[in-house]
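What follows is each chain in one-letter form.
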Amino acid sequence: MKIIIGSNNPAKIEAVKHAFKGNYDFFSVNAFSGVSEMPFSDEETIKGALNRAESAIKIGHGDIGIGLEGGVQETTYGLLLCNWGAIASNEHSSIIAGGARILLPEEIAIRLRNGEELGPVMDDYTNKQNIRKKEGAVGIFTNGKIDRAEMFTHLTKLLVGQYEYHRSLIK
Ligand SMILES: O=c1[nH]c(=O)c2ncn([C@@H]3O[C@H](COP(=O)(O)OP(=O)(O)OP(=O)(O)O)[C@@H](O)[C@H]3O)c2[nH]1
């Protein structure tokens with residue numbers, strides 16, 4: 001089975017490879033999210049994940065397309081880091097799942113509300129480079145307990161499990 005991942009971000013690719021068990025061929029493509037660089041709601045982040053999954057399966061001529069998208073959601077408690085994923089398949093309509101979420105520190109949230117993007121803000125805050133491709137904001141703010149790849153692995157397992165369940169209903 002040919003699985004097309006709609007991103008070249010190593011944290012996302014590693015996560016998808018970990019979540020699938022069995023004989024699969026993985027390819028990654030730079031899929032278009034069709035949403036803003038910094039999605040600012042669950043709705044927008046889900047849309048980005050769906051667009052990436054549906055574009056990945058088409059571009060890569062795969063059996064399955066996977067889209068993973070990071071964003072934030074405003075709440076009365078503060079700004080939540082949110083992540084969403086989608087599986088597009090040739091057999092049925094797309095499936096979505098959400099990742100674990102944590103509140104971002106207010107000094108980070110203020111910068112995002114003023115229009116900055118989380119990736120560069122995290123690099124600036126930590127004085128490191130490409131945090132988004134490594135441990136991610138979730139890794140930094142959980143003291144390394146859950147990094148971005150692990151969070152996306154869990155999310156992708158939620159997708160794969162639902163996909164298998166849907167397929168068992170079709171057959
Ligand atoms: O350091 C981070 N840790 C995180 O936990 C995290 N979650 C989201 N973001 C940032 O939010 C924007 C959209 O996210 P995103 O997933 O669409 O893009 P990305 O650039 O990370 O990947 P990709 O576009 O190469 O696939 C980008 O600025 C990401 O950097 C994060 N940055």
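An unreviewed UniProt entry lists the protein chain under the name inosine/xanthosine triphosphatase, with Pseudoneobacillus rhizosphaerae as the source organism.

Caption draft 1: Local environment of the site of the ligand. Residues in contact with the ligand amount to 19 residues; listed here are only the nearest, Ser7, Gly70, Gly119, Arg132 and Gly136. Those elements giving two or more residues to the shell around the ligand turn out to be strand S3 (64-75), helix H4 (118-126) and helix H5 (136-141). A class-by-class count of the residues in the shell around the ligand yields 7 nonpolar, 7 polar and 5 charged.

Caption draft 2: Structural view of helix H2 (residues 42-59). With 18 residues, H2 ought to run about 26 Å at 1.5 Å a step, and its terminal C-alpha atoms sit 25 Å apart, in line with that. With 14 of 18 residues buried, H2 is to be regarded as a mostly interior element. Immediately beyond the C-terminal end of H2, within one or two residues, lies histidine 61, with a positive phi of roughly 50°.

Caption draft 3: Fine view of the nonpolar core. Formed by 41 residues in total, the largest nonpolar core has its most connected members in Ala53, Ile66 and Ile87. Take this core: its biggest share by element is 7 residues, from strand S4 (residues 78-89).

Caption draft 4: Looking closely at the UniProt feature "domain: Non-canonical purine NTP phosphatase/PRRC1" (unreviewed entry) in the protein chain. Taken from the UniProt record, the annotation "domain: Non-canonical purine NTP phosphatase/PRRC1" (unreviewed entry) applies to residues 6-154. In residues 6-154, helix accounts for 39% and strand for 23%; the two terminal C-alpha atoms are 17 Å from one another.

Caption draft 5: Representation of the pairing of S3 in the model. For S3, the tally of buried residues reaches 9 of 12 residues, placing the bulk of the element in the interior. The pairing of strand S1 (residues 2-5) with S3 spans 3 bridges and is parallel. Bridging from a neighbouring strand, isoleucine 3 pairs with isoleucine 64 of S3. Bridge count between S3 and S4: 12 bridges; the pairing is antiparallel. Its bridge partner being in S4, glutamate 74 is matched across the sheet by leucine 79. With antiparallel pairing between neighbouring strands as the criterion, S3 and S4 make up a hairpin whose turn holds 2 residues.

Analysis parameters
Residues numbered from 1 in each chain as written. Predicted model: local features only at pLDDT ≥ 70, side-chain atom pairs only at ≥ 80, totals over all residues. Near = placed C-beta within 6 Å. Helix = DSSP H or I, 4+ residues; strand = E, 2+ residues; numbered from the N terminus. Nonpolar A, V, L, I, M, F, W, Y, C, P; charged D, E, K, R; others polar. Expected span 1.5 Å × (residues − 1). Buried ≥ 20, exposed ≤ 12 C-beta atoms within 10 Å, placed from the backbone. Core = buried A, V, L, I, M, F, W, Y, C linked by C-beta atoms within 7 Å. UniProt positions renumbered as here; feature names shortened; annotations may be inferred. Pairing = 2+ DSSP bridges.

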